[in-house]
Amino acid sequence: MTIKDLIETQKAAFREGVTRPYEKRLNYLRRLREMVADNEEELCSAINRDFGKPYFEAYTSEIYTVLHDIDVHIKNLRGWMKPEPSGSSVATFPSSGLVHKQPLGTVLVIGAWNYPVNLTLMPLIGAISGGNTAVLKPSELAPESSALLADLIGKYFENQVLAVVEGAVEETQELLAQPFNHIFFTGSTRVGKIVMKAAAEQLIPVTLELGGKSPAIVHTDADIPTAARRIWWGKTMNAGQICVAPDFALVHEEVRDQFIEESKTVLGDFFRDDYITGKTYTKIVNYDHFNRLNGLLNSSNVIFGGMVNEETRFIEPTLIDASWDDEIMQEEIFGPLLPLLSYRTAGEMASRLTEMSEPLALYLFTEDSDIQNFILEKVPFGGGCINDTISHLANANLPFGGVGQSGMGSYHGKQSFETFSRKQSVLRKPVWPDPGFRYPPYDEAKLKWFKKLF
């Protein structure tokens, strides 16, 4: 079946209402849950073969997160689908208003390689609970995961409801030429612009989950051992290949030296059994990314770390003494290199951050509520944590998304349902009373009455 034929088949199924009823949506969600739970080992093994992600990381960040979000949708779907009453208006009295949540239609989800299960299936959960038919395009940079998802979804779902299209640029371009009702893309800002441009040609709405240089700010009153531990936890997870990884550390000059020493201690504790790709640590996904990161490393002033192994695509977590103009500070790193910069005042720090593009995440380590409020008011970012990193993604009650160059739209939990639904306003009015002053012919007397009443 060609891509065009597949889309036409899914659109026909949507028009027939195959995915619209509550019972159908619930059944598909349960089927997706069964698919993930029953094939946990196969999915984790495929991810490991793609880029050596350890089983614990794969399960906690790819399997558990998806299962948890499905459970949230199963539990709440009936309530989310109920029409919401609106406020009344004197201009339409007597009447009542309801806001219905309708499916969008046939949607496209383009996943990312760094979390090939999570970032492909998490948006899909919202597409299903929203009552849509869907096409998934997994990343070709994680071929083992892509092939397994295609095989499993082909076994658990009819392609008129859910299908996978594998491939690279050519297949993606063909998909982007199809008349989808929504496109959900996770990836780089560069490719996000391409997706948005293609969607604009057909006025297709998009959700873009991109990235950026997410700062980890450490203020003078921070608990430095905890800050170092949590920043390096976020930076070493998936070898830093995460869109919300701390991209650089911005540390107050008074605690800079302490942060460096604590960082050495933390990494020694984390990897006391050494860096073993596939077991204790993740390798870089391919040689293009490895060479890019190695080039940044070679042009940087290393404080500690910096070991590499080209054969295993290993790059050691590395702390780098950086300045704002350095090459490593110009684009998202997407790897285990952590530039360290310092600041003296909160105003100086906020000024520097607002000169940059809006990041997908921001992490602030301080107990000072004034500093917290100052940063939240002054610095735009998608989402983040105070005294932690990355954990905001694990709370299904928190919408996840970017702003500006880091993306548009959000998902997770109820927000995923909202993203893949459209609001349809309906006003109901009785046939009586039916005052005549609103109908032509109009004159000065009717206008005076209208002004008095409203």
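Values in this document were obtained by computation on a predicted structure and should not be read as measured data.

A. Up close: the environment of G154. Mapped onto the elements, G154 comes out in helix α6 (residues 143-156). Given a relative accessible area of 55%, G154 falls into the exposed group. For G154 and V164, which are ten residues apart along the polypeptide, the C-alpha to C-alpha distance reads 7.7 Å.

B. Up close: the sheet that holds strand β13 (residues 318-321). Overall, mixed pairing links the seven strands, which are arranged β10-β13-β14-β9-β8-β15-β16 in an open sheet. Either end of the sheet is taken by a strand with one partner, and the two such strands are β10 (301-304) and β16 (383-386). Averaged over all neighbouring strand pairs, the angle between strand axes comes to 25°, with direction disregarded.

C. Region of the structure containing the layout of surface pockets. Of the voids in this model, the largest pocket is the one considered here, and its volume is about 1,600 Å³. Along its surface, the largest pocket is lined by 50 residues, and G187, S188, T189, R190 and V191 are the ones closest to its centre. Going through the elements one at a time, α7 (169-176), β6 (182-186), α8 (189-200) and α11 (287-298) are the ones with two or more residues in the lining of the largest pocket. Estimated volume of the second largest pocket: approximately 760 Å³. Surrounding the second largest pocket, 32 residues form its lining, E57, T60, S61, W233 and M237 being those nearest its centre. Secondary structure elements with two or more residues in the lining of the second largest pocket: α4 (55-81), α5 (118-129), α9 (224-236) and α10 (256-270).

D. Region of the structure containing the pairing of strand β15 (residues 361-365). Burial within β15 is extensive, with five of its five residues counted as buried. Here β15 shows two buried faces, one formed by A361, Y363 and F365 and the other by L362 and L364. Of the strand pairs in this sheet, strand β8 (residues 215-218) and β15 are connected by three bridges, and their pairing is parallel. Bridge pairing in β15 links A216 to Y363. Relative to β16, β15 is paired through four bridges, and the arrangement is parallel. Bridging across to β16, A361 finds its partner in G383. In this fold, β15 hands off to helix α13 (residues 369-378), which returns the chain to β16; that crossover is right-handed.

E. Structural context of the pattern of salt bridges. Enumeration over the complete set of coordinates arrives at eleven salt bridges. In this structure, K155 and D151 form a salt bridge, with 3.3 Å as the shortest nitrogen-oxygen distance. Taken together, the positions of K155 and D151, both in helix α6 and four residues apart, correspond to about one turn of that helix. A residue is classified by how much of its surface remains accessible, and K155, at 60% relative accessible area, is exposed.

Rules of the game
Residues numbered from 1 in each chain as written. Predicted model: local features only at pLDDT ≥ 70, side-chain atom pairs only at ≥ 80, totals over all residues. Heavy atoms only, no water. Helix = DSSP H or I, 4+ residues; strand = E, 2+ residues; numbered from the N terminus. Buried < 20%, exposed > 50% of the residue type's maximum accessible area, 1.4 Å probe, protein only. Pairing = 2+ DSSP bridges. Axes fitted to C-alpha atoms, helices over the stretch in contact; angles between N-to-C directions. 1 Å grid on protein atoms, 1.4 Å probe; cavity = no way out; pocket = protein on both sides within 12 Å on 5 of 7 lines; lining within 4 Å. Points joined across faces, edges and corners; volume = space filled by probe spheres on them. Right-handed = clockwise from strand over helix to strand, strands pointing away. Salt bridge = Lys/Arg side-chain N within 4 Å of Asp/Glu carboxyl O.

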